[in-house]
Amino acid sequence: MNIGIFDSGIGGLSVLHHALKIIPHANFIYYADRKNVPYGEKSVFEIQTFIDEIMNFFISKKVDALVIACNTASSVATKEYRDKFPFPIIGMEPAVKKAVETYTEKQQRILVAATPITIQGNKLRQLLNRVDKYHQADLIALPKLVHFAELKQFDSLEVEEYIKTALNQYCAVDYSAIVLGCTHFNYFKPSFQRIFSKKTQFIDGNEGTIKQLLRKAPLIESYSQSVQFYFSGIPATTKELNEIKTYLSRLEEVYYL
Ligand code: DGL
């Protein structure tokens, strides 16, 4: 079984990382659109053009299912995309539903962090109207974290200062949970932890996305597990593969803090 996973960059590796644990027998094809990252500060039209090119790539790779491991791309990919392609397409959205189902008291606050496109998008507004009955969620756009992640700058003072400044109208210790509504933000759990209360929990959409993949995709077993990496359609070089290893090991570290 061939499973395509794409993101604007290295954020979606956190989704791949989870998928590798849950689906041991599949061939994964990971596409990072490094040429066009970051998506979150571009126009909807531009992002849709990038997605069109990526879809053509995955058609040529004959995937059986595709995961859009990017909340930003998912927020602008319309239903028409799903109907146009012969394989299931699984998108991502900030895991607000999971957060309000976990923190059910009206006074429990939830911070939804994502890119500007996701924060301003209709999809998130509709999701909040549907699930955030007690208005527990506050929204914050943190586009610079995508730049920091692509530069492998995770723990610097600059990162911490940036998060603190962006948060200045909110009181960090009030939050029961942070919804990581951008896959790039998974790399910053230690930085968030230094700013928020020790009790603040992280909620991301990775588990839900892979569950959805298993529900939607026909599970054609492969003999073993393999992953191929592409950067904007070009196979990753040895140097890039080493970079990917650094990112994946970082995820290991933060997942088991
Ligand atoms: N990783 C992407 C997401 O989940 C977006 C990053 C970007 O701005 O390109 O939203």
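Residues numbered from 1 in each chain as written. Predicted model: local features only at pLDDT ≥ 70, side-chain atom pairs only at ≥ 80, totals over all residues. Heavy atoms only, no water.

**Q** Would you mind showing me how to read the sheet that holds strand β5 (residues 109–114) here?
**A** Pairing between the strands of a sheet comes from backbone hydrogen bonds, and it takes one of two forms, parallel or antiparallel. A sheet is described by the order of its strands in space; here four strands give the open sequence β6-β5-β7-β8, paired in parallel fashion. Each end of this open sheet is capped by a strand with a single partner; those strands are β6 (137–141) and β8 (201–204). Direction aside, the axes of adjacent strands within the sheet are offset by 25 degrees on average. Pairing analysis gives four bridges linking strand β7 (residues 175–180) to β8, with the strands arranged parallel. Among the inter-strand pairings, Ile 178 is bridged to a residue of β8, identified as Phe 202. (Pairing = 2+ DSSP bridges. Helix = DSSP H or I, 4+ residues; strand = E, 2+ residues; numbered from the N terminus. Axes fitted to C-alpha atoms, helices over the stretch in contact; angles between N-to-C directions.)

**Q** How do you make sense of the pattern of salt bridges when you look at a structure like this?
**A** All told, the structure shown has twelve salt bridges when counted by the stated rule. A salt bridge links Arg 109 to Asp 138; the nearest nitrogen and oxygen atoms lie 3.1 Å apart. Placement of Arg 109 in strand β5 and of Asp 138 in strand β6 is noted, with a sequence separation of 29 residues between them. Given a relative accessible area of 17%, Asp 138 falls into the buried group. Glu 160 is the partner of Arg 194 in a salt bridge, and the nearest nitrogen-oxygen pair spans 2.9 Å. On the criterion of sequence distance, the pair formed by Arg 194 in helix α10 (residues 189–195) and Glu 160 in helix α9 (residues 157–166) is long-range, its members being 34 residues apart. (Salt bridge = Lys/Arg side-chain N within 4 Å of Asp/Glu carboxyl O. Buried < 20%, exposed > 50% of the residue type's maximum accessible area, 1.4 Å probe, protein only.)

**Q** What exactly am I supposed to notice about the pairing of strand β3 (residues 65–68) here?
**A** In summary, the side chains of a regular strand alternate between the two faces of the sheet. Alternating residues of β3 divide into Ala 65 and Val 67 and Leu 66 and Ile 68, and every residue in both groups is buried. Note that strand β1 (residues 2–7) and β3 share four bridges and pair parallel. Considered in β3, the bridge of Gly 4 is made with Leu 66. Direction of pairing for β3 relative to strand β4 (residues 89–90): parallel, over a ladder of two bridges. Residue pairing across strands places Leu 66 opposite Ile 89, the latter belonging to β4.

**Q** Would you take a moment to explain empty space enclosed by the protein for this structure?
**A** The gaps of empty space that remain are located by a probe, the size of a water molecule, rolled over the atoms. As enumerated under the stated definition, the model contains two cavities of 30 Å³ or more in all. Lining the largest cavity are Asp 7, Ser 8, Tyr 39, Gly 40, Cys 70, Asn 71, Thr 72, Thr 115, Val 146, Cys 182, Thr 183 and His 184. Here the lining of the largest cavity is composed, by residue class, of four nonpolar, seven polar and one charged. The computed volume of the second largest cavity comes to approximately 30 Å³. Taken together, Ile 10, Leu 13, Tyr 30, Ala 32, Phe 229, Tyr 230, Phe 231 and Ile 244 make up the lining of the second largest cavity. For the lining of the second largest cavity, the leading source of residues is strand β9 (residues 226–231), giving three residues. (1 Å grid on protein atoms, 1.4 Å probe; cavity = no way out; pocket = protein on both sides within 12 Å on 5 of 7 lines; lining within 4 Å. Points joined across faces, edges and corners; volume = space filled by probe spheres on them. Nonpolar A, V, L, I, M, F, W, Y, C, P; charged D, E, K, R; others polar.)

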